[in-house]
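Observations on the three-dimensional arrangement
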Amino acid sequence: MQSNVILPLGDPTVAASLLVGRGHRARGRRLAAVVFLLGAACGGPASAPQASVSDLVLGPDHALVFVADSLQLTAQARDASGNALSNRPITYASSNRLVATVSGSGLVTGLASGQVTISASCEGRSAEVGVDVRGGGVIGASGGSVTLMGGTARLSV
């Protein structure tokens, strides 16, 4: 006599107990193994658990950016052993969006002179970095630009 049994994917003990309870001991163990493997292949509960985020490292420790210039921050989620965790969503925020903004990828853009704190967060962990935003600019041997209160001046060296 054939009967239909609905088996939960990914949990071999539940699948085996359902089948054993119906009098299918040997078949229950074999089918439980198949159910477990199917659950793992389909991304069910049998897949390996993700490590928890224990720390979030944000760098550089402190930064200087000029008005109208940008600086890339880097954030790395780490587990309890200090190993880097990939594919973890990190969100960024600026303490003063009038001084500097920060994109979803950690790119800080200076808007006005002042100080701002950029924070990053991931799975309940957070880190902060202080950023000084200044008017001015860097002039090198090939020239450059300086941001002034009223606009931008290009200098040639």
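Residues numbered from 1 in each chain as written. Predicted model: local features only at pLDDT ≥ 70, side-chain atom pairs only at ≥ 80, totals over all residues. Heavy atoms only, no water.

1. Concerning the sheet that holds strand β2 (residues 62–66)
Strand order in the open sheet formed by four strands is β2-β10-β9-β6, with mixed pairing between adjacent strands. For this open sheet the edge positions go to β2 and β6 (91–94), each flanked by a neighbour on one side alone. Across this sheet, the average inter-strand angle for adjacent strands is 30°, counted without regard to direction. In this sheet, strand β10 (residues 125–134) lies alongside strand β9 (residues 114–122) in antiparallel orientation, the contact comprising nine bridges. Bridge pairing in β10 links Q115 to D132. (Pairing = 2+ DSSP bridges. Helix = DSSP H or I, 4+ residues; strand = E, 2+ residues; numbered from the N terminus. Axes fitted to C-alpha atoms, helices over the stretch in contact; angles between N-to-C directions.)

2. Looking at unusual backbone geometry
One can expect most non-glycine residues to show negative phi and most peptide bonds to be in trans. Note the cis peptide between G59 and P60, where omega equals 0°. Positioned with a positive phi, N87 is a non-glycine residue whose angle comes to about 55°. You can see N87 is positioned in the loop between β5 (84–85) and β6. N87 gets classed as exposed once you look at its relative accessible area, which sits at 73%. At E123, a residue that is not glycine, the phi angle is positive and equals roughly 50°. Within the element layout of this structure, E123 appears in the loop between β9 and β10. Assessed through its relative accessible area of 45%, E123 is described here as partly exposed. (Buried < 20%, exposed > 50% of the residue type's maximum accessible area, 1.4 Å probe, protein only.)

3. Some thoughts on the pairing of strand β4 (residues 74–78)
Direction of pairing for strand β1 (residues 55–59) relative to β4: antiparallel, over a ladder of five bridges. Bridge pairing in β4 places G59 opposite T74. Both β4 and β5 contribute to a ladder of two bridges, which runs antiparallel. Residue pairing for β5: A77 is matched across the bridge by L85. Connecting the antiparallel pair β4 and β5 is a turn made up of five residues, with G82 showing a positive phi of about 90°.

4. Points about the sheet that holds β1
What links the strands of a sheet is backbone hydrogen bonding, and the strands pair in either a parallel or an antiparallel sense. What the three strands build is an open sheet, ordered β1-β4-β5; its pairing is antiparallel. Two strands in the sheet have a free side with no partner beyond their single neighbour: β1 and β5.

5. With respect to the environment of G135
Tracing the chain through its elements places G135 in the loop between β10 and β11 (139–140). Remark: the alpha-carbon pair of G135 and V65, spanning 70 residues in sequence, is separated by 8.8 Å.

6. A look at the side chain of S94
Of note, S94 is situated in strand β6. There is a polar contact of 3.2 Å between the side chain of S94 and the backbone nitrogen of N96. At a separation of 2.7 Å, a polar atom in the side chain of S94 contacts the main-chain carbonyl oxygen of A100. Ignoring any residue separated from it by four or fewer positions in sequence, one finds S94 in contact with A100, T101, V102, V116, T117 and I118. (Polar contact = N/O pair within 3.5 Å; in protein donor to acceptor, adjacent residues only side chain to side chain. Contact = heavy atoms within 4.5 Å.)

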